[in-house]
Structures are given as C-alpha cells and as structure tokens.
Amino acid sequence: MADLSVNVGGLKLKNPVIIASGPLTAKIERLKKAEENGAAAVSLKHSLLKQQFISKPRWYVEKNVGIVVSGDPRLNVEEAQDLIQKAKEETELKVIVNMSALPTDIATWGQLAKAFEEAGADAIELNLNCPNLHTASVTGPALGANLGTDPDSCAAVVRVVKDSVSIPVIAKLPTEGGRILQVAAACAEAGIDVLNVHAGFRAAPGLNIYNGGEFLYPGSSAGNFGGNSGPWSRLISNRFIADVAKACPKPIMGGGGIGKWEHIVESIMYGSTAVQVCTSVMFEGYELVNKFIQGLSEFMEQQGYASIEEFRGIALKNVLKPGQIKYTNISAFIEEEKCTGCRKCEKLPTCEAISYQEGKCKVDPKACVGCGLCVGICPVKAIKIVAV
Ligand SMILES: Cc1cc2nc3c(=O)[nH]c(=O)nc-3n(C[C@H](O)[C@H](O)[C@H](O)COP(=O)(O)O)c2cc1C
C-alpha cells in the first residue's frame, strides 16, 4: 500500500487532500462529511474578528468554467473558535484556519491567529487574496487581493503572525498583480512555513445582455468582481505552482481547478506537497474526495511510487525556455476502426494533412505538422500521435 502521508511545513497529513476555505468548511456537519470521505484536512471558511458587513452567498456559476463569488458569509471569531473546538473534539481532521485582520490595525493579524491557536487550530492560513474585503497592510486598509501583491505588507503580516503563534503558518497568495514571486520570497524571508498557490484572480460575472447589463448573480443585479474558482484555472495554477516551486524552497499547497485525481498528480509533479480543492467538490459532493484518494493510491501502486515525495516536483526539469526545446518528427495517426467519419478533424482550418475518403478520415504523414489539435477534438479518441 502506497504511503500517501505528507508533512507540509510541519503540518502532518494522512494524505495530501485538503478541502479549501469556503462554504464546504463553514459548518461542523460539512467537516464531518469531508472526514467521512477521506479528506486529511480542512481550511475553515474565512474568519474575522468581526464581519465588516453580512454578505449572502452570491455566486455566478458556469459549470465547466467555475464560480465567480461576489458574496459569501464569513465567520466571526466566536463562531470560528466554536467550529475549531467542535472539529477537534468530533473529528480527526487537521484544522487550518483561514483568516484576515481588521482593516485598521496590522497587529490584529497576530491577535486573531493567537485566539485560533488557543482554540485548537493546527495551522493558520493568512488570507492574502480576499477579493471582497479590506484588511490591514503597512500602508493602511487594503483590499485583501491587493494586500497580497505587496511584498512588504505580506512580510509584515507574516512576521506579526509568526511572532504570535507556534503552529505552522500558511500564506494564501493571490496571483493578481504579477508579483507572486516577489511576494513568495518576502513571505519566505519573514519565516512563512507554507505557500498556498492557486490561480486567484477577480473576475466579472456574466451579464443580462437584454436588461441593461445587470450582473447575473442570483438575487442581486449588481455586485463586485468576485474571486473566480473552478476548472478554468487549473493549468494557470500549475504554471504558478511550477514558477514558485522553482524560485522558492518553501512547501506548497497547490490548488485551483482540481476535479480529478489525475489533476492532483499533476499538481504534485509541478511541486505541490498537498492540494486544496473547493469547486469540484461543491459541484459533485464530498464523495469526490474518496475518488481522489483511491485514484491517487492506485496510481502510486501501479507506478511504484512508495511516497508522494518520490514524484513531487519531477516535472520541473521539463520546464524549459522555448529555445531549449528539442523537437522529434511526429504525425497524427487515425485508427480506422474507431473513426466514425464525423469529419470534425478534416474541417480544422489550420490542418492540411487530413482528408475524408470513403466514410473515414485519413492523415497524410508528410503533410502533418504534428500540432495535436485533431487529437484534442476527436469525439471518439480515434487519433493519436506517432513517431515518423
Ligand atoms: C463559494 C466560494 C467561497 C470561497 N470562500 C473562500 C474563503 O472564505 N477564503 C478563501 O481563502 N478562499 C475562499 N474561496 C476560494 C477557495 O478556497 C479556493 O482557493 C478556490 O476556489 C480555488 O480552488 P477551486 O478551483 O478548487 O475551487 C472560496 C471559493 C468559493 C467557490
């Protein structure tokens, strides 16, 4: 049996799957479901000393794209403390507390973290990327997502919190602003234990184009640009994970768009030690976590990996500059018995190699440039790439 356990900056987990901060981690009943289905840890819903305003859940949802979150109820400190205590009494989960300070005073980052450590938290997650709320930075109040683009503010927050608690501290970084490597380096310098890296960008919801451009958040025709989660972000997240893993020696919790166990393997191969998952579980239920763990375990058995560490970061050696890439000669090949003659590949406007003959599509290997577009769009997976 493969060993799925990981140690992420001092936080020991039985496997690398963490339910990310959000509605899935706002109530004890939900945490119990996460545990029943095998999650190793939960990052609790964003917690504050006091909510600045009460927001209702207002989510713009596109199934294969993701969710834009304009509003979601947070936890006040007492609610979070109660949830931590219940989670520690009633489950074996590792409890991470996702938090940010009042906008007025950077010291409250430390006070709040201390209160959560005393309530039994296993780790603190600094929410440096909140798209909706203001918090304290070195220059005064800042939108969470903007705070996280300022290396000095992030380092100051990390120092305040590290001075206040002895449990591991995670920095949840935004990818907006193009300064993630500087922010990661500043957090590392200030003593952070773990970096949480995912493609976190604010996005604009869909519009009612027939009614004056109302935002399509249910129950509110206006709102703010919300945090955007879900499938769209996976490949971009992997890029940021790889970038940070190459530049910074700190352990990474990767996330963003994970929907299958194969995505977890990819995230680990790009450098994550553990992963955080939210949207796919919101769509498909906590049972998905079971599938993740089973798939990961079987993959490791089959590939002969005894531990996560054996394949963590192995893809980083393949991240090269364009001029360093060596090309081999390849061509698409269509398996005749599988081809249904739908002609989708033949109609690709940039392809000069595929023709339709007697009810089937065929490739001329001499004309094929090996781009792989036909492989990606074939509805019956009849096309593969072969060496020529
Ligand atoms: C409805 C909703 C609420 C969320 N609330 C929080 C939050 O309170 N704190 C936080 O740091 N991230 C929050 N997130 C972001 C997730 O924790 C996660 O980082 C993000 O969704 C990317 O992962 P995913 O693509 O698997 O969803 C929320 C996401 C969603 C969809």
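Residues numbered from 1 in each chain as written. Predicted model: local features only at pLDDT ≥ 70, side-chain atom pairs only at ≥ 80, totals over all residues. Heavy atoms only, no water.

### Re the overall build of the chain
For the chain, the helix and strand inventory stands at 11 helices and 23 strands. Against the 2.2 N^0.38 benchmark of 21 Å for 388 residues, the chain shows a C-alpha radius of gyration of 23 Å, consistent with a compact globule. In terms of its C-alpha atoms, the chain occupies a principal-axis envelope of roughly 75 × 55 × 40 Å. Split into buried and exposed, the 388 residues of the chain put 53% on the buried side. (Helix = DSSP H or I, 4+ residues; strand = E, 2+ residues; numbered from the N terminus. Rg over C-alpha atoms; globule rule 2.2 N^0.38 Å. Buried < 20%, exposed > 50% of the residue type's maximum accessible area, 1.4 Å probe, protein only.)

### A short note on the site of the ligand
In the vicinity of the ligand, 21 residues are found, and the nearest of them are Ser21, Lys45, Gly230, Gly257 and Thr279. One of the backbone nitrogen or oxygen atoms of serine 21 is found 2.6 Å away from an oxygen atom of the ligand. Backbone polar atom of cysteine 278 to an oxygen atom of the ligand: 3.0 Å apart, as the coordinates give it. Starting from 610 Å² of accessible surface for the ligand in isolation, the protein chains cover 91%. For the shell around the ligand, the secondary-structure elements that each account for two or more residues are β4 (41–48) and α9 (279–284). (Near = heavy atom within 4 Å. Polar contact = N/O pair within 3.5 Å; in protein donor to acceptor, adjacent residues only side chain to side chain. Areas by Shrake-Rupley, 256 points an atom, 1.4 Å probe, with all protein chains shown as cover.)

### Structural notes on the sheet that holds strand β6 (residues 66–71)
What the four strands build is an open sheet, ordered β5-β6-β17-β14; its pairing is antiparallel. The open sheet terminates on both sides in strands that have one partner only, identified here as β5 (58–62) and β14 (201–203). Strand-to-strand twist across the sheet, computed as the mean angle between neighbouring axes with direction ignored, equals 35°. As paired elements, β5 and β6 share five bridges and run antiparallel to each other. The residue of β6 that forms the bridge with arginine 58 is glycine 71. (Pairing = 2+ DSSP bridges. Axes fitted to C-alpha atoms, helices over the stretch in contact; angles between N-to-C directions.)

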